[in-house]
Amino acid sequence: MSITNGQTIVASDINSAFTSALSSLRTDNAYLPTLFWLPVRFDNIVSGTTSPWTSQEIVLPDDYLLADVAILGGEHNGTVTVSVNNSALIVPISMTATLGSNYVAATRYYTTTTNPVHLFLKGSIVTVTVSTTNVVATSTLTVSLGFFSKRRTA
Amino acid sequence: MRIQTQAPIQFATGQLLDPNKVQENQQYMLDAVAAVTEKRYAHSVISMPFYRGITACTQADNQATRSFLFTAPDNVMVERAFLVGALASGAAVLNVYNASTGTTAPTGIANPILTPTTTVDTQVFAQSFIIPAGSTYRFELTGTTFTASKLDLVLHLRTDRFNLSGTDTLTEPTVTPFTEATSLDAVAFNANVTAITSAVSSNTAAARALRCQFVQLGTNFTNASDADLLRMNLPRITNTIARETIYRIDVTFCTAANSTITVTAAVLTEAGAATGLSAAASTAASTEASASDTFPAVDLSSATAGVCQTTASDYRLTVSNGSATAVVKAYVTLWTY
């Protein structure tokens, strides 16, 4: 939208010039926060497997919102209890899922009116701990954590 | 970062056009562009396990088995590295170097970067270094005699969206200020709007900020292994204020001895249909191979606002071995934006 000297300028001429200049910033969904999944693997664990094989600690490099947790198992034939915690969580995430033979993507944790979204600050340690009734030695178990945050200035 | 303190002014026909108000709006736009431009970095965290299933690696394993290759599609800064866990016995160190030279440590650092002990703890390497775009670096556990227990290398990664678009800086727009002392000139007004629009376009073109996901997806498997052990679902995002699109896939595998086999990693729909995103790595009388693929992009964003996505809408990540010769381990890196 251009204006010229000498023309009668109506308000929409100027308003639209300003509005259209920023339109691609406003409409591009690339500026939404981006998410990545952090898969935490516990392969070949069975009932009776002991620490440290049943837990993993991750130090986080940025402020993240944890919005989703997925329990995924291949040939993991048992009931799995998963906790996601760090010392700052008021309500740690605790999940139980019954997996089975074949590949099972179990019910997920996601943000609802009763499941809060969790904020993990930069430098905090997330601990994922699992226990299982599985007795199949060759199996996979993945706890995928869905973190998202906006882009940063540093 | 500049703070936006006001919304743009809406002008109304019939009012006097005040140069100060026009200038306020221009400044608002400059602030908005600057605020977005300065948000250029994305951070992610990955974990590399130095065990296969619960089989720990030892000094007797070949180099490919004792290490992980990491290829950067863009300049990737490793901000910190952690070794979480312990050795079961012996002594070892963790080195990182350019895989193409085999000995060159990243610029500015000296190996070893980490030294695990036989006590379960977390070792921290706090110096940052860059893995240049297109380079492959090797993270290798090595020692005269050692057996690793559960030992994970955790990397903090940072990418810069400007790098991926081929530039390190974006020019901030310059505009002619309007004041009480200057008449409102249409030519200057148009030039100012054009300058701001151009800056916005450059910013939009550099919109991708890559994040990284890493998973060791298969251990000790052949063409007869159960496919359920060689897959991992990629759930869609539940929260619709975020987004995730797979931009690139990298797969690396290794064998215990020289072999000539192919391992394929692919992103499929939950129903098993191809998405076109797959990478096939082949050894040629060697113990290690990598491959990558970048298109088509696979969008994992939520399909329905505010609704948890069912597993039927997942994608699945798979690896497969075309040979009866066992693959010691295969690992996949996904780059998303």
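Residues numbered from 1 in each chain as written. Chains lettered and ligands numbered in written order. Predicted model: local features only at pLDDT ≥ 70, side-chain atom pairs only at ≥ 80, totals over all residues. Heavy atoms only, no water.

**Student:** Explanation requested: the overall build of chain A in the structure shown.
**Tutor:** Assigned secondary structure in chain A consists of 2 helices and 10 strands. Its helices and strands taken in sequence order, chain A reads α-α-β-β-β-β-β-β-β-β-β-β from the N to the C terminus. The C-alpha radius of gyration computed for chain A amounts to 24 Å, which surpasses the reference 15 Å derived for 154 residues by more than 25%, pointing to a less compact arrangement than a globule. Considering chain A as a whole, with its 154 residues, one finds that 52% of them fall into the buried category. The long-range fraction of contacts in chain A, counting pairs at least 24 apart against all pairs at least 6 apart in sequence, stands at 78%. (Helix = DSSP H or I, 4+ residues; strand = E, 2+ residues; numbered from the N terminus. Rg over C-alpha atoms; globule rule 2.2 N^0.38 Å. Buried < 20%, exposed > 50% of the residue type's maximum accessible area, 1.4 Å probe, protein only. Contact = heavy atoms within 4.5 Å.)

**Student:** Explain helix α1 (residues 11-21) of chain A here, please?
**Tutor:** Counting along an α-helix, one turn takes 3.6 residues, and residues three or four places apart therefore face a common direction. For α1(A), the full list of buried residues reads A11(A), D13(A), I14(A), N15(A), A17(A), F18(A) and A21(A). Contact partners of the buried residues in α1(A): α2 (23-27) of chain A together with α1 (19-37) and α3 (186-205) of chain B.

**Student:** Hey, could you run me through the interface of chain A and chain B in this one?
**Tutor:** Many structure descriptions define interface size as the accessible area lost when the parts assemble. Listed by partner, the interface residues are 64 residues for chain A and 79 residues for chain B. Summed over both sides, the interface of chain A with chain B buries roughly 6,300 Å², with 63% coming from carbon and sulfur. Three residues stand out in chain A for area buried against chain B, namely F18(A), W53(A) and R151(A), and they jointly supply 12% of the buried area on that side. Counting across the interface, chain A meets chain B through 1 salt bridge. Among the salt bridges present, the one from D314(B) reaches R108(A), with a minimum N-O distance of 2.5 Å. Remark: the boundary between chain A and chain B carries 19 residue pairs in polar contact (both at pLDDT 80 or more). (Buried area = accessible area lost by both parts, 1.4 Å probe. Salt bridge = Lys/Arg side-chain N within 4 Å of Asp/Glu carboxyl O. Polar contact = N/O pair within 3.5 Å; in protein donor to acceptor, adjacent residues only side chain to side chain.)

**Student:** Would you mind showing me how to read the packing of aromatic side chains here?
**Tutor:** In total, this model carries 13 aromatic pairs over all chains according to the counting rule given. Where F68(B) meets F214(B), the ring centres are 5.7 Å apart and the plane angle is 80°; that geometry is what we call edge-to-face. Highlighted residues: F68(B) in strand β4 (residues 67-71) and F214(B) in strand β9 (residues 211-221), separated in sequence by 146 residues. The exposure classification of F68(B) matches that of F214(B), with both residues buried. Summarising the aromatic geometry, the rings of F125(B) and F129(B) are spaced 6.5 Å apart at their centres and angled 55° between planes, so their arrangement reads as tilted. Like F125(B), the residue F129(B) is buried in the burial classification. The rings of F36(A), Y64(A), F120(A) and F147(A) are connected pair by pair, giving a single aromatic cluster. Here the guanidinium or amino end of R231(B) rests over the ring plane of Y103(A), the centre of that ring lying 3.9 Å away. Above the ring of F68(B), the side-chain terminus of K329(B) is found at 3.6 Å from the ring centroid. (Phe/Tyr/Trp six-rings, centres within 6.5 Å; stacked < 30°, edge-to-face > 60°. Lys NZ or Arg CZ within 6 Å of the ring centre and 35° of its normal.)

**Student:** Explanation requested: unusual backbone geometry in the structure shown.
**Tutor:** What is expected of a backbone is that most residues other than glycine have negative phi and most peptide bonds are trans. Look at the link from S51(A) to P52(A): it is a cis peptide, with omega at 10°. Along the polypeptide, P52(A) turns up in the loop between β1 (34-41) and β2 (55-59). The phi dihedral of N220(B) falls on the positive side, at around 50°, and the residue is not glycine. By the secondary structure assignment, N220(B) is in strand β9. For N220(B), a relative accessible area of 45% gives the class partly exposed.

**Student:** Would you explain the side chain of N203(B) in this entry?
**Tutor:** Residue and element names in this part refer to chain B. Within the element layout of this structure, N203 appears in helix α3. A residue is classified by how much of its surface remains accessible, and N203, at 0% relative accessible area, is buried. In this structure the side chain of N203 is engaged in a polar contact, spanning 2.4 Å, whose partner is the side chain of T37. Reaching out from N203, the side chain makes a polar contact with the side chain of R161 at a distance of 3.0 Å.

**Student:** What is the right way to look at the sheet that holds β2(A) in this model?
**Tutor:** Strand pairing in a sheet takes place through backbone hydrogen bonds and is either antiparallel or parallel in direction. All names here are of chain A. The antiparallel open sheet is built from 4 strands, whose spatial order is β2-β9-β4-β5. Because the sheet does not close on itself, it has two edges, and the strands there are β2 and β5 (93-98). Averaged over all adjacent pairs, the angle separating strand axes in this sheet is 15°, with direction ignored. Bridge count for strand β4 (residues 79-85) against strand β9 (residues 125-132) is 6 bridges, and the pairing is antiparallel. Across the sheet, the residue bridging to V84 is V128, located in β9. (Pairing = 2+ DSSP bridges. Axes fitted to C-alpha atoms, helices over the stretch in contact; angles between N-to-C directions.)

**Student:** Help me understand the nonpolar core in this model?
**Tutor:** As a rule of thumb, soluble globular proteins bury nonpolar side chains together. Counting 39 residues, the largest nonpolar core has M48(B), F70(B), F139(B), L141(B), L153(B) and L155(B) as the members making the most contacts within it. Counting only elements with at least two residues in this core, the list comes to β1 (41-49), β4, β5 (76-98), β7 (129-131), β8 (136-160), β9 and β17 (327-336) of chain B. With 9 residues, the top contributor of residues to this core is β8(B). Once you skip the residues sitting within four places of it in the chain, M48(B) turns out to touch F68(B), F70(B), F139(B), L151(B), D152(B), L153(B), L155(B) and F214(B). Judged by nonpolar contacts, the second largest core, of 37 residues, contains L72(A), F253(B), V263(B) and A330(B). (Core = buried A, V, L, I, M, F, W, Y, C linked by side-chain atoms within 4.5 Å.)

**Student:** I would appreciate a short explanation of the sheet that holds strand β16 (residues 315-321) of chain B in the present structure.
**Tutor:** All names here are of chain B. The strand order across the open sheet formed by 4 strands is β10-β16-β12-β13, and the pairing between neighbours is antiparallel. Two strands lie at the open edges of the sheet, namely β10 (231-234) and β13 (274-282), each paired on one side alone. Direction aside, neighbouring strands of the sheet carry axes that sit 15° apart on average.

**Student:** Please explain the environment of E24(B) as it appears in this structure.
**Tutor:** Mapping E24(B) onto the fold places it in helix α1. Separated by 149 residues in sequence, E24(B) and P173(B) place their C-alpha atoms 15 Å apart.

**Student:** Is there a simple way to explain the state of the cysteines in this structure?
**Tutor:** Working definition of a disulfide: a covalent bond connecting the sulfur atoms of two cysteines. Residue and element names in this part refer to chain B. Taken as a whole and judged by the stated rule, the model has 0 disulfides over all chains. Counting only cysteine sulfurs, C254 is the nearest neighbor of C57, a cysteine outside any disulfide, at a range of 10 Å. On the basis of relative accessible area, C57 is assigned to the buried category, the value being 1%. Counting only cysteine sulfurs, C254 is the nearest neighbor of C212, a cysteine outside any disulfide, at a range of 18 Å. (Disulfide = S-S within 2.5 Å.)

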